[in-house]
Each structure stands twice: as structure tokens, then as C-alpha cells.
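# Coordinates in review
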Amino acid sequence: MTEMLLKYFRDKQQQVQSKKVYDTQCPYCSMQCKMQLIEQTVITRKKYTTIGKDNPTSHGRLCMKGMNAHQHALHKDRITQPLLKVNGEFTPITWDKALEIIKKNFSAIQLENGHDALAVYGSASITNEEAYLLGKFARVALQTKHIDYNGRLCMSAAASAASQTFGMDRGLTNSLSEIPNAECIILAGTNIAACQPTMLPYFEEAKENGAFIIVIDPRETDTAKMADLHLKIKPGTDAALANGLLKVIMEKGYTDERFIKERATGFEEVEEHISSLSLKEISELTGVSIRQIQRAATIFAEKKTGMIFTARGVEQQTDGSLAVRNLLNILISTGKIGKPSCGYGAITGQGNGQGAREHGQKADQLPGYRSIENEEHREHIARVWGVDKEQLPRKGVSAYEMIERMEKGEITGLFLMCSNPIVSNPNANFVKEALKKLKFFVAVDLFISETAELADLVLPAASYLEDEGTMTNLEGRVTLREASYPAPGEAKRDWQIICEVAHALGKGEYFNFSSAEEIFNELRAASRGGAADYYGITYERIREEGGVLWPCPTSNHKGTERLFERTFAHPDGKAKMVAVPNSPLIPKEQPCERFPLYLTTGRVTSHYLTGVQTRKSAALAARNFESFMEIHPAAAQKFGIQDQELVEVTSKRGSIIVRCRWSAAIRQDTIFIPFHWADSQNVNRLVSEELDPHCKMPGFKVSTVNIRPLMALR
Ligand SMILES: Nc1nc2c(c(=O)[nH]1)N[C@H]1C(S)=C(S)[C@@H](COP(=O)(O)OP(=O)(O)OC[C@H]3O[C@@H](n4cnc5c(=O)[nH]c(N)nc54)[C@H](O)[C@@H]3O)O[C@H]1N2
Ligand SMILES: Nc1nc2c(c(=O)[nH]1)N[C@H]1C(S)=C(S)[C@@H](COP(=O)(O)OP(=O)(O)OC[C@H]3O[C@@H](n4cnc5c(=O)[nH]c(N)nc54)[C@H](O)[C@@H]3O)O[C@H]1N2
Ligand code: SF4
Ligand SMILES: [Mo]
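Cut-offs used in this document
Residues numbered from 1 in each chain as written. Chains lettered and ligands numbered in written order. Predicted model: local features only at pLDDT ≥ 70, side-chain atom pairs only at ≥ 80, totals over all residues. Heavy atoms only, no water. Axes fitted to C-alpha atoms, helices over the stretch in contact; angles between N-to-C directions. Helix = DSSP H or I, 4+ residues; strand = E, 2+ residues; numbered from the N terminus. Parallel < 35°, antiparallel > 145°, perpendicular 65-115°, else oblique. Contact = heavy atoms within 4.5 Å. Nonpolar A, V, L, I, M, F, W, Y, C, P; charged D, E, K, R; others polar. Near = heavy atom within 4 Å. Polar contact = N/O pair within 3.5 Å; in protein donor to acceptor, adjacent residues only side chain to side chain. Areas by Shrake-Rupley, 256 points an atom, 1.4 Å probe, with all protein chains shown as cover. Domains from an automatic or database assignment. UniProt positions renumbered as here; feature names shortened; annotations may be inferred. Buried < 20%, exposed > 50% of the residue type's maximum accessible area, 1.4 Å probe, protein only. Phe/Tyr/Trp six-rings, centres within 6.5 Å; stacked < 30°, edge-to-face > 60°. Lys NZ or Arg CZ within 6 Å of the ring centre and 35° of its normal. Patch = residues over 30% accessible without salt bridge, like charges linked within 9 Å, V, L, I, M, F, W, Y side chains within 5 Å. Salt bridge = Lys/Arg side-chain N within 4 Å of Asp/Glu carboxyl O. Lys, Arg positive; Asp, Glu negative; His and termini not counted. Charge placed at Lys NZ, Arg CZ, Asp CG, Glu CD.

- As recorded by an unreviewed UniProt entry, the chain carries the name Assimilatory nitrate reductase large subunit and is attributed to Bacillus thermotolerans.

## Here's the deal with the packing of helix 12 (residues 279-286) against helix 13 (residues 290-302)
- Running from N to C, helix 12 and helix 13 point in directions that differ by 105°, and their axes come no closer than 9 Å. Overall, the two elements helix 12 and helix 13 adopt an arrangement that is roughly perpendicular. Residues Leu-279, Lys-280, Ile-282 and Ser-283 of helix 12 touch helix 13, and the partners they reach there are Ile-290, Ile-293 and Gln-294.
- The residue makeup of the contact of helix 12 with helix 13, split by class, is four nonpolar, two polar and one charged.

## Section: the site of ligand 2
- In the vicinity of ligand 2 lie 29 residues, with Asn-150, Ser-424, Asp-445, Thr-610 and Asn-684 positioned nearest.
- Within the backbone of Asn-420, a nitrogen or oxygen atom sits 2.7 Å from an oxygen atom of ligand 2.
- Asp-494 is positioned such that a nitrogen or oxygen atom in its side chain is 2.8 Å from a nitrogen atom of ligand 2.
- If ligand 2 stood free it would expose 930 Å²; the protein chains cover 98% of that surface.
- For the shell around ligand 2, the secondary-structure elements that each account for two or more residues are helix 18 (421-424) and strand 17 (440-445).
- Its residues placed into classes, the shell around ligand 2 shows 14 nonpolar, eleven polar and four charged.
- When we break the shell around ligand 2 down by domain, the ones giving at least three residues each are domain 1 (83-154 + 352-549) and domain 3 (597-713).

## So, the UniProt feature "domain: 4Fe-4S Mo/W bis-MGD-type" (unreviewed entry) in the chain
- In this structure's numbering, the residues bearing the UniProt feature "domain: 4Fe-4S Mo/W bis-MGD-type" (unreviewed entry) are residues 19-77.
- Span residues 19-77 is 14% helix and 41% strand, its end C-alpha atoms 25 Å apart.

## Side note on the side chain of Asn-682
- Summarising the element assignment, Asn-682 is placed in the loop between strand 27 (670-674) and strand 28 (703-709).
- Of the residues examined, Asn-682 reaches a relative accessible area of 3% and is grouped as buried.
- Within polar-contact distance, the side chain of Asn-682 engages the backbone oxygen of Ile-422 at 3.1 Å.
- With residues up to four places along the chain from it excluded, the contact list for Asn-682 reads Ile-422, Val-423, Ala-428, Ile-656 and Trp-677.

## As for the environment of Leu-172
- With respect to the helices and strands, the residue Leu-172 is situated in the loop between helix 6 (156-166) and strand 8 (184-188).
- For Leu-172, the contacting residues outside a window of four places in its chain are Tyr-344, Gly-345, Ala-346, Leu-474, Glu-475 and Leu-563.

## Looking at the packing of aromatic side chains
- Applying the stated criterion to the full structure yields 14 aromatic pairs.
- Ring plane angle 65° and centroid distance 6.4 Å describe the contact between Tyr-132 and Trp-385, whose orientation is recorded as edge-to-face. With a gap of 253 residues between them, Tyr-132 in helix 5 (residues 128-142) and Trp-385 in helix 16 (residues 375-385) connect regions that are remote in the sequence.
- Each member of the aromatic cluster is reached from another via a ring pair, and the members are Phe-166, Tyr-344, Phe-564 and Phe-568.
- Looking at Lys-336, its charged tip hangs above the ring of Phe-300, at a distance of 5.2 Å from the centre.
- Here Arg-661 stacks its cationic end above the ring of Phe-628, 3.7 Å away from the centre of that ring.

## Topic: a nonpolar patch on the surface
- Together, Leu-5, Tyr-8 and Phe-9 give the surface a local cluster of nonpolar side chains, amounting to about 310 Å² of exposed area.
- A relative accessible area of 46% places Phe-9 in the partly exposed class.

## Some points on a negative patch on the surface
- Taken together, the side chains of Glu-257, Glu-268, Glu-269, Glu-271 and Glu-272 make up a negatively charged region of the molecular surface.
- Sorting elements by how many residues they give to the negative patch places helix 11 (residues 267-275) first, with four residues.
- Here Glu-272 is to be found in helix 11.
- Residue classification places Glu-272 among the exposed residues on the basis of a relative accessible area of 61%.

Below, the structure written as C-alpha cells:
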């Protein structure tokens, strides 16, 4: 090799060695995998790679979304300045100007239409500090009762079920490390292989140890492929299937009498109700054979240890909270809770789906999982905040109900942080029209999302690479996302934005924070003594221990791995069982002549939620660049639809156009469409706006539709 070439390679090596490493956590799901962004500078070009980092939950694993997350954060479309809409076009303005405009418009709206005319719509993708601060911002800076968040569409059914049955809602009652020793595992409406890929090894290990896995899903997903028994249920009938399982358990004498007597109330009512039901009817209703119901119930009951996991398949139903409660009835009846490898897991969705549902973003909630209608709770929080208890607003309404109030003109101003409701809410055409009616709308986002497009003012936020704070993962483990990458342009951290708006509104004295840690220390005090008690958790401890599982009431408390070992969290210490009807009082849509098929919706591995982030990631978008409809070939043929053909899908509420994908994995009476795409591919244009009366969760998983080949339209 010539001297020149050698010199070239030596120089090149040196250039590559100018390398920076940034710690963070994945911006996507509830596993909150720890990761590092490696920035290599080669001459003037920067090259990025994301690698996993060891931690007690995902042990260094990453899935394809995590590995490519930096592609959206570093994307050229990130907004870098506040943008004001002038004559229909976004124009960059200064932060000072933006804050002045917010003050002027928010004050005018509240003067004219009252305090509650302003709404705040938050998110479970922001940190605990930000979720906490947003709740405080609504109650103290805006003094409005109208605050809710995207977690309403996600965790509300499971949260309501666990709170009612156990007296407390932490997604997993046991730590993940107990899964490998469970002898039977029921996975109901959860597609872990696609949605929490780095959690899958826990179940694979259980299987290697001989566990019997039962999957309940209308589709044979990659998760269902792992099952020993797949119950290919008719959408929306999980409550009835759980009744069937309970019937077998009760009639075969598999109940744990002692556990029920000592630890639960309501068993007799459930038993009486179950004895009035017919297994044959349940089998017809659910599409699951009597033999399969018997087999599933017998195996679950006979094994010494067993766990049940649910996710949105069971929960995003107009009877989702009761369906979950009925699955919890099974755990209690068989005494499989509060013991090693026995318990429940509502598999949390968003990165901070757990923490963001505990500290006051919900319409009826104050920090520490307190109630805004409870006088003692109000007093505690008023004291921490230094305000008069009487000044704290009362409870507001859920996310979709706030949108209904926008449509009615009762809510005329909106502060939206980290969500894309015109793609993620049901009945999307209505949602878009409602948001258009607002007098003044501020959106805080990384990008001009489909919803931000409608805003009067868009504020640029920092991403997961740039914003430090705590995130509570699906185990209930409070983790610390270290993040030091510089935010682009004038983008600010969400907590800074909240503080600055509060200052502009003259409420600065309650929002004097100069770091996320300072906010966390106030959150700790606010949560103290509440159901979700973080008081004993500090940044220092999280750094040392790699995360702390709540409840953790004091600094020498080690955190709580397994819940309910001796008592449940209700005042009498007992779990509350409840009799659940096979079908809800307000019936779900049923296939008819006009709309002959069930539509169910959900996710694919390569995209995240409304796709604003993952559609900007070249590596992820390449895997699925457009939406699709999964349909059984036999059903497709009945409708004259070829594989890969474009189809129009229509419901009572609207229609969309997507490509057809034949797949024998799905039931013949059901089609599946993911919700990661917008506009003419936005499946929520079709989805019913009916809500679960207990928790206000929309029924995303059951609507009815008609389909036809697009060619036939010509
Ligand atoms: N790749 C990816 N991962 C994600 C997300 C993402 O968007 N993409 N989002 C994150 C978030 S916020 C969430 S909430 C979770 C969601 O995680 P999951 O709830 O696991 O995901 P879904 O695809 O919505 O639904 C799960 C399964 O429910 C099934 N299902 C549909 N209807 C019914 C029914 O009536 N009964 C039963 N038993 N099953 C039914 C579907 O076929 C699907 O396989 O994933 C998180 N992880
Ligand atoms: N049909 C159907 N609809 C569903 C579901 C379903 O299964 N079926 N699932 C529901 C569920 S479980 C969920 S969780 C919801 C989610 O629904 P959304 O909350 O609407 O979804 P996202 O795509 O996460 O929207 C987040 C927005 O915030 C921006 N963003 C990302 N990070 C940050 C940040 O750090 N700060 C700020 N300020 N902005 C940021 C993103 O660019 C994006 O525009 O959708 C629900 N909708
Ligand atoms: S999407 Fe979830 S499983 Fe995948 S890397 Fe991110 S946090 Fe981990
Ligand atoms: Mo979610």
C-alpha cells in the first residue's frame, strides 16, 4: 500500500473516532428499553446508530422501532420555532410573541365563556414530571375542570377494572421475572410479539419451562403462534368467554374456597349468575367450541401457578372494564393472585402509560392516584401546591367527551400536548369538524401532525433524545430517562413550555422549576400517602438501582415487586368480585345486511400509534408504507376482492380506501385494519363513537363495515 493510502486510512480512522454517545430510553412502548445514540462524525457527515443498554426490564434488547427511533427525532421536518397560522399558512414567530398570543387568546376565551371553556389534552408519552405539571397547569394556571389525555383511549378500562376489583391499579401485579415460572398463561387480546417485542423472551422462557399458553384473539398473530391453545374469539365477546371459563371452573369444583373466603367479596353473586348461564349459548356467542372452553378452564385451574394478561383487544370495548373484571374473577376464584408467578398484567401501551395515569392528567384525578372529588385528597394537594382547596376545579369529562363539547361550542380553546386526536379518536370525521370549531387552538408537537395542522399556534417540543425525566414502565418501575442531546433550533422541553405559558398567564409563582428533578421532588410530595406513592423514590436512587417499583413510601423502602400478597387495597383488604353479563346493556354493532363484517383495529410491528413518528423513519416506513385490510380469502372471494386489490371500506360513519391482504389467520366474519395512517386511510373514520359507560373507553375493537373492490366503483 502506498504511503498516501495508508495516511488516508489513518486519517479516516481518526475522523470516525470523533464519536459521541447519548443515553436515553425508547420513545415508543411501555417496555421503555434503555438505549444509546451513537453519533459518529466522518469529515463533516454525521452517522447515527442506536444500540441497546442493559436494564432490569429489557436486558439490553431493542426491537426494530427502537433501533430506528433516531430517524424521526433527527428528521428534517422537526419543527424548530413556534409557528403561527397567518392566512392559512404557518409563519415562524418568537417565543415571546407566541406566549403573548396565548395569554391574549386564553384570557379572552375565559373572560367571555368562563374558565371551563379552555381544555387541556395531554399524553402518556410525556414524562411523569410533565404529566404531573400538565394536571397542575389545568387546575392552577387555567383553573379549568377540562383536562384529559390520550391514555383514556388506552389504559382506562384496565385501570378502572383493577381499581374496582383490587382497589389499586398498577399494570402488572408481579414483576416480569415471575413470568418464566408460570405454568399456565392466558394472553387475552394482546399481541406482544408486535407490540412489546422485547417482552416476548419472558414468555418464550416460560414455554421452554413447560408452560401452557392460551391466546384469545380473533387473529392468529405472531403471539398466537406461540400458543398451545388459540381461542379464535368473535370480536367483542371476551366477557362471555370469561363467563364460560368461570362456569367450567365452578362446576368442576376447581375454586379455591379458602382464598375466596379470606380474600374476596361478591363470590356468591358471581356463582349464582354463572349457574344461570348456558355453555352452549356462550359457545355460540363467542365462536369458541365448548371443548376448547373446557380445556382452557381445566388447564388454567389445574396448574399450580397461572397468570392472565390483557391488552387492548379485551379492553377497547364498550364493556372493556367489565370484561377485564370477569377475567380477574377467574384469578380470584382459583386463588391465583398475590403469589409467586400468579397474578394479572394489563400490558401498558405508551412509554409512560403507567406513570401518566397516576399523577393528575385524568379528568377526575389528582396526583398519587387521588380523587379530585375527595375532600381529604383535595386538601393534601392544595397544601402541596400552596393554593386554596376551594379554588381547585371539580372533575371534568373524558377525552372524547371533551371533543363533543368542542363540537357543541362549550369548549372553545384547547392546549394539546403530544397527541394526534383527529387520527386516534373514534369517529374521526366528527373529531376533525369539532376541532375546526375552536376559537383558539395551541398544539405542542415535534412535527406538524394531522391535528397540529388545524392549530392556530404550534409550539416545538423536545424529543426523547433531548428531554430528561422519569417514565414508569409496564412493570410499575419508575425509570430515569437521561437525555442530553441538544434540541433542534428553539424547541423546548414540554415541562419548560408548561412553565413558560403559566408564567405568561401570571401564575409563575406555582411553576418556578429549573429542572425535571425539581418537579419530580414536588411530585413525590404530592403523591405521598396516595395509592401511587413515589415519595421514597429519588433520581439518585433510580440511577443507583436502575429503577424503583412503586409503591415506595419511604427512602429506605425497597419498592414493591409483588402486590396483594396479604391484602388487597380496598379498605376491607378484600378483592371485589362482580357478576358480568355475557353482553353489555347497550349492544355492540352486529353484522347486518348493510354492514356484514366485523371491523377490528390495532397495530403492526413497524409502526407506532398514529404513525407521525414512525412514518418519518425511513427504515420503518419501508416495511409498511401504506395501510391494509387483513381478510380471510374465503370472505374476500365472497365480496369479489382479489389479494392486493384496493378496496373501499364503509361504516355508518364514513369510508376509507386501503389495500386488501388475504390471510387465513383471521376469522371469516372479521377484517382487521391498523390505525397508523391518516386521511383517506384513517380507520377511525369508520370506528364507532360508543364509549364504555364505566371508564369512557371507546370501542375501537368492534364496529361493522361493508367492503367492495375499488374497481367496482368505476
Ligand atoms: N408496534 C407497535 N407497538 C406498540 C404500539 C404500536 O402502535 N405499534 N402501541 C403501544 C400502545 S400505546 C399500546 S396501547 C399497545 C397495544 O398493544 P395490543 O393491545 O397488544 O395491540 P392491538 O394490536 O391494539 O390489539 C391486540 C390484539 O387484540 C386483538 N383483538 C381485536 N379484537 C379483539 C377482541 O374482541 N377480543 C380479543 N381477545 N382480542 C381482540 C387483535 O387482533 C390484536 O392482535 O402497544 C404498544 N406497542
Ligand atoms: N382505531 C384505533 N384507534 C386507536 C387505537 C386502536 O387500537 N385502534 N388505540 C388507541 C391508543 S391505545 C392510543 S395510546 C392512542 C394514541 O393516540 P395519539 O396520542 O393521538 O398518538 P400518537 O401518534 O402517539 O401522537 C403523539 C403526537 O405527539 C408527538 N410527540 C411525540 N413525542 C412528543 C413529545 O415528547 N412531546 C410532544 N409535545 N409531542 C410529542 C408526535 O409527533 C405525535 O404527533 O390511539 C388510540 N386510537
Ligand atoms: S418499541 Fe418498545 S420494545 Fe421496541 S425498543 Fe422501544 S420500548 Fe423496546
Ligand atoms: Mo395505547
